[in-house]
Amino acid sequence: MRKNIVAGNWKMNNDLAQTETLITALKGQTISSDAEVMVAPPFTNLWAAYNALKGSDIEVAAQNMHFAENGAYTGEVSASMLKSVGITTVILGHSERRAYFNETDEILAKKVDAALAKDMRVIFCFGEELADRKSDNHETVVGDQIKNALFHLDAAAFKNIVLAYEPVWAIGTGETASPEQAQDMHAFIRKTLADKYGAEVADSVSILYGGSVKPNNAKEIFSKPDVDGGLIGGAALNAEDFFAIVNAF
Ligand code: PEP
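Residues numbered from 1 in each chain as written. Predicted model: local features only at pLDDT ≥ 70, side-chain atom pairs only at ≥ 80, totals over all residues. Heavy atoms only, no water.

(A) Up close: the overall build of the protein. The helix and strand inventory of the protein stands at 11 helices and 8 strands. What you see for the protein is a C-alpha radius of gyration of 17 Å, in line with the 18 Å of a compact globule of 249 residues. Reported as C-alpha extents along the three principal axes, the dimensions of the protein are approximately 45 × 45 × 35 Å. Relative to its full complement of 249 residues, the protein shows a buried share of 52%. In the protein, the proportion of contacts linking residues at least 24 apart, taken out of those at least 6 apart, comes to 71%. (Helix = DSSP H or I, 4+ residues; strand = E, 2+ residues; numbered from the N terminus. Rg over C-alpha atoms; globule rule 2.2 N^0.38 Å. Buried < 20%, exposed > 50% of the residue type's maximum accessible area, 1.4 Å probe, protein only. Contact = heavy atoms within 4.5 Å.)

Printed below as a string of structure tokens:
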């Protein structure tokens, strides 16, 4: 059966000292749900976070990686480099990477392949813009994002894929998809997977919702049958808020 997961995306927040402070606060919280918990600090703090959280119930993930193994890619980090500091899960395709760093479906397909080739788990993000939803094109956009970056994979690869539906209009805006909008889209995503890979694969993949999830709305969103957790931005920077969301399951 698929897992419930709550992952905190710290984005470009927290230097080393702030990372240590937040991790100490996170370790002081109690997990009272069955959700798997992860945090994704910036690259410079991965090693410190990994060591500080080793042996705890909180995993450390990366926010991005390059598809190449090594070479002349100034400023980039590879899957092997992440693994060398203990990281085995990577977020790929976040809408900020797509919008500000020109990450296309084609680039993301290569990144997914590179991560899976190193036995990493991928949290693959996608989601429509406000204009897509207003023009009732959101399912087509999301379906294409999934197909273009993932549908070259074989069914077995999906044991290392987590999907994160993040409508761009809800990220960092305080605007959340309603629980019904989230459920409708998650059901569509699962059907898209089922049509290609069969119901068994579709039912085994965790689909997270991301977009202004907060302690006061998490429970309702997570109560939906096809919502298997959340990718949390702003609220992940506060240990109590983050754990209120984790414990909303
Ligand atoms: C995100 O960046 O993945 C996100 C969902 O951010 P926020 O929770 O702040 O909307």
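What follows continues from the structure just given.
(B) Representation of the site of the ligand within the structure. Lys11, Glu166, Gly172, Ser212 and Gly234 are the nearest of the 14 residues found near the ligand. Between Gly172 and the ligand, the recorded distance is 2.7 Å, taken from a backbone N or O atom to an oxygen atom. Gly233 has a polar backbone atom sitting 2.9 Å from an oxygen atom of the ligand. Within the complex, 97% of the 290 Å² of free accessible area of the ligand lies under protein. Here the residues of the shell around the ligand sort into 4 nonpolar, 8 polar and 2 charged. (Near = heavy atom within 4 Å. Polar contact = N/O pair within 3.5 Å; in protein donor to acceptor, adjacent residues only side chain to side chain. Areas by Shrake-Rupley, 256 points an atom, 1.4 Å probe, with all protein chains shown as cover. Nonpolar A, V, L, I, M, F, W, Y, C, P; charged D, E, K, R; others polar.)

(C) Expanded view of the environment of Ile146. Note on placement: Ile146 falls in helix α7 (residues 138-150). Each C-alpha atom of the pair Ile146 and Ile189 lies 8.4 Å from the other, and the pair is 43 residues apart in sequence. Not counting residues up to four positions away in its chain, the partners in contact with Ile146 are Phe126, Phe151 and Ile189.

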